[in-house]
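If you want the building blocks of each chain, they are given just below.
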Amino acid sequence: MNPARRAAHRPAQLTHEYSLFAPADATAPRVCRDFVRAVLFTHDRESLVMPAALCTSELVTNVHLHTKGAAMLRVRLNPARLHVSVFDESPDPPVVAHPAAGVAACWGRGLALVEEVADGWGVAYGRAGRYAKGVWFELWLAG
């Protein structure tokens, strides 16, 4: 979209924050991925859609595979960066697996993908209601 046509209610200098509670089932990664895509398309950040969708999907899939609870997704977008956090109920730290070259694995590479694609990622501990931790990633905007 042409920046000159940007709606008056969406000035580029603001920070936009969105949250979504995802179900504790196999649809959660798709629901969260589509949510992040919608936010980015709404704010004319098409260049971030693919890496953000991949990283979001990996983090939410980890919640589905390694915890029994629901996830909360928080998306923060400002002119400099996209910050996505996925909160879950487990206090267990995430593990980054780096399988040896040539080793076939059906899973276990999600955080390694996030590490490769994102400009930064990490874990925030500290109880917030029912959530014990948040795994986050950032994508920085060019320019």
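Numbering of residues starts from 1 in each chain and follows the order in which that chain's sequence is written. Two thresholds apply to this predicted model, a pLDDT of at least 70 for residue-level local features and 80 or more for giving and counting side-chain atom pairs, whereas whole-chain, interface and lining totals are computed over all residues. Note: side-chain values were computed over all heavy atoms of the structure, leaving out hydrogens and water.

Colleague: I'd like a description of the nonpolar core, backed by residues and values.
Modeller: Leu40, Leu73, Leu82 and Phe137 are the most contacted members of the largest nonpolar core, which has 28 residues in total. Runs of E in the DSSP output that reach at least two residues are strands. Runs of H or I that reach at least four are helices, and both are numbered from the N terminus. Elements supplying a minimum of two residues to this core: β1 (16-22), α1 (28-42), α2 (49-66), β2 (71-77), β3 (81-88), α3 (110-117) and β5 (131-140). Considering each element in turn, this core owes the most residues, 6 residues, to α2. Any two residues whose heavy atoms approach within 4.5 Å at even a single point are treated as in contact. Here Leu40 is in contact with Arg45, Glu46, Leu48, Val49, Ala52, Leu77 and Leu82, once residues within four sequence places are set aside. Definition used in this section: a nonpolar core is a set of buried Ala, Val, Leu, Ile, Met, Phe, Trp, Tyr and Cys residues joined via side-chain atoms within 4.5 Å. For every residue, the accessible area obtained with a 1.4 Å probe (protein chains only) is divided by the maximum for its type, and the residue is called buried under 20%, exposed over 50%, and partly exposed between those limits.

Colleague: Go over the pattern of salt bridges, please, and point to the residues and values.
Modeller: Two side chains of opposite charge can pair, provided their charged atoms sit close to one another. The salt bridge criterion pairs a side-chain nitrogen of Lys or Arg with a carboxyl oxygen of Asp or Glu, the two atoms within 4 Å. Taken as a whole, this structure holds 4 salt bridges when the rule is applied. Glu138 serves as the salt-bridge partner of Arg81, at 3.9 Å between the closest nitrogen and oxygen. Here the residue Arg81 occupies a position in strand β3, and Glu138 occupies one in strand β5, the gap between them amounting to 57 residues. Among the residues examined, Arg81 registers a relative accessible area of 33% and is labelled partly exposed.

Colleague: Before we move on, could you go through the environment of Ala132 and cite the residues and values that matter?
Modeller: Here Ala132 shows up in strand β5. Spatially, the C-alpha atoms of Ala132 and Phe87 are 7.4 Å apart, while their sequence positions differ by 45 residues.

Colleague: Just give me the short version of the packing of α1 against α2, but keep the residues and values in it.
Modeller: Interaxial distance between α1 and α2 falls to 8 Å at its minimum, and their mutual angle equals 150 degrees. Relative to α2, the element α1 lies roughly antiparallel. With respect to the hand of their crossing, α1 and α2 are arranged in right-handed fashion. When α1 is examined against α2, the residues Ala28, Pro29, Cys32, Arg33, Val36, Arg37, Leu40 and Phe41 are found in contact with a partner set consisting of Val49, Ala52, Ala53, Thr56, Ser57, Val60 and Thr61. Orientation is described by lines fitted to C-alpha atoms, with helices fitted over the stretch in contact, and by angles between N-to-C directions that extend from 0 to 180 degrees. Small angles under 35 degrees read as roughly parallel and large ones over 145 as roughly antiparallel, with 65 to 115 read as roughly perpendicular and the rest as oblique. Helix crossings get a hand from a simple test, with the near helix turned counterclockwise from the far one by less than a right angle marking a left-handed crossing and a clockwise turn marking a right-handed one.

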